[in-house]
Amino acid sequence: MKNALVVDDNDVNRILASRLLTKAGWTVSDVDCGEAALSFLAANTVSLILLDVSMPTMSGQEVCRRVRAESLGGPMVKIAAYTAHAMPEEVQEFLDGGFDTVLLKPMSRDRLNATLSELGFE
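Residues numbered from 1 in each chain as written. Predicted model: local features only at pLDDT ≥ 70, side-chain atom pairs only at ≥ 80, totals over all residues. Heavy atoms only, no water.

With respect to the overall build of the protein chain
Keep this limit in mind: Comment: elements are numbered from the N terminus, with helices defined as DSSP H or I runs of at least four residues and strands as E runs of at least two. Buried, partly exposed and exposed residues are distinguished by accessible area as a fraction of the type maximum, computed with a 1.4 Å probe on protein chains only: under 20%, between the cut-offs, and over 50%, respectively.
Counting its regular elements, the protein chain contains five helices and five strands. The linear arrangement of helices and strands in the protein chain, starting from the amino end, is β-α-β-α-β-α-β-α-β-α. Expressed along its principal axes, the backbone C-alpha trace of the protein chain runs to roughly 35 × 30 × 25 Å. Taking all 122 residues of the protein chain together, the buried fraction comes to 43%.

So, helix H2 (residues 34-43)
Using the following cut-off: Working note: the arc is built from the helix axis to C-beta atom directions. Two residues qualify as a contact provided that any one of their heavy atoms is within 4.5 Å of a heavy atom in the partner residue.
When H2 is considered as a whole, its buried residues turn out to be Gly34, Ala37, Leu38 and Leu41. An end-on view of H2 places all buried positions within 95° of arc, on one side of the element. Pointing more than 90 degrees away from the buried face of H2 are the exposed residues Ser39 and Ala43. In this structure, the buried residues of H2 make contact with strand E1 (3-7), strand E2 (27-31), strand E3 (48-52) and helix H3 (60-70).

Digging into unusual backbone geometry
Each neighbour pair has its own omega, and for Lys105 with Pro106 the value is -5°, a cis peptide bond. Following the sequence through the fold, Pro106 ends up in the loop between strand E5 (101-104) and helix H5 (109-118). Non-glycine residue Thr57 carries a positive phi angle of around 70°. Checked against the element boundaries, Thr57 lands in the loop between E3 and H3.

Structural notes on the pairing of E5
The line we're drawing: Note on pairing: two strands pair once DSSP finds at least 2 bridges between them. Seen with the strands pointing away from the viewer, any crossover whose path from the first strand over the helix to the second strand runs clockwise is right-handed.
Inspection of the sheet shows strand E4 (residues 78-83) paired to E5 by four bridges, in the parallel sense. The residue bridging Ala80 from the neighbouring strand is Thr101, located in E5. Taken together, E4, helix H4 (residues 88-96) and E5 constitute a β-α-β crossover, and its handedness is right-handed.

Some details on the pattern of salt bridges
Counted only if it meets this: One speaks of a salt bridge when a side-chain nitrogen belonging to Lys or Arg is within 4 Å of a carboxyl oxygen belonging to Asp or Glu.
Scanning the entire structure with this criterion turns up seven salt bridges. Between Glu62 and Arg65 there is a salt bridge, and its shortest N-O distance comes to 2.8 Å. In this pair, Glu62 and Arg65 are both assigned in helix H3, three residues apart and thus about one turn of the helix distant. The residue Asp100 makes a salt bridge to Arg68 at a minimum N-O spacing of 2.6 Å. Here Arg68 lies in helix H3 and Asp100 lies in the loop between H4 and E5, a separation of 32 residues in the sequence. Here the salt bridges do not stand alone but share partners, grouping Asp8, Asp52 and Lys105 into one network.

Topic: the nonpolar core
Stated formally: For the purposes of this section, nonpolar cores are sets of buried Ala, Val, Leu, Ile, Met, Phe, Trp, Tyr and Cys residues that join through side-chain atoms within 4.5 Å.
With 22 residues, the main nonpolar core has Val7, Ile49, Leu51, Val63 and Val67 as its most contacted residues. Secondary-structure elements contributing two or more residues to this core are E1, H2, E3, H3 and E4. Discounting chain neighbours no more than four positions away, the residues touching Val63 are Gly34, Ala37, Leu38, Leu51, Met55 and Met58. Formed by 16 residues, the second largest nonpolar core is a distinct cluster that contains Ala4, Val6, Leu112 and Leu116.

In structure tokens:
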């Protein structure tokens, strides 16, 4: 199963990520906020979540924490922090907070493929 959920309040970032994943052979759903992500994940299983860190009302960190605590999205779901924040201490904070990896914006096909490989997706 290669199902992904892209969560980003920015339409351009969400569409770009969705298109790149689709071209890589993934079935992609997308939502524009943390609340919608939690609702989607309560009813659906995915292999991968690309989760924007900076969103209004509910941060990506809070969404990640809840996905992990409530076992949403499936038992083997991988969560990538999708962010422009790349300072080493920020990256470590994301990893310590339950993210599996960090994918930097703006996304490119090569960066996405490297991240997918790092997460064990071929």
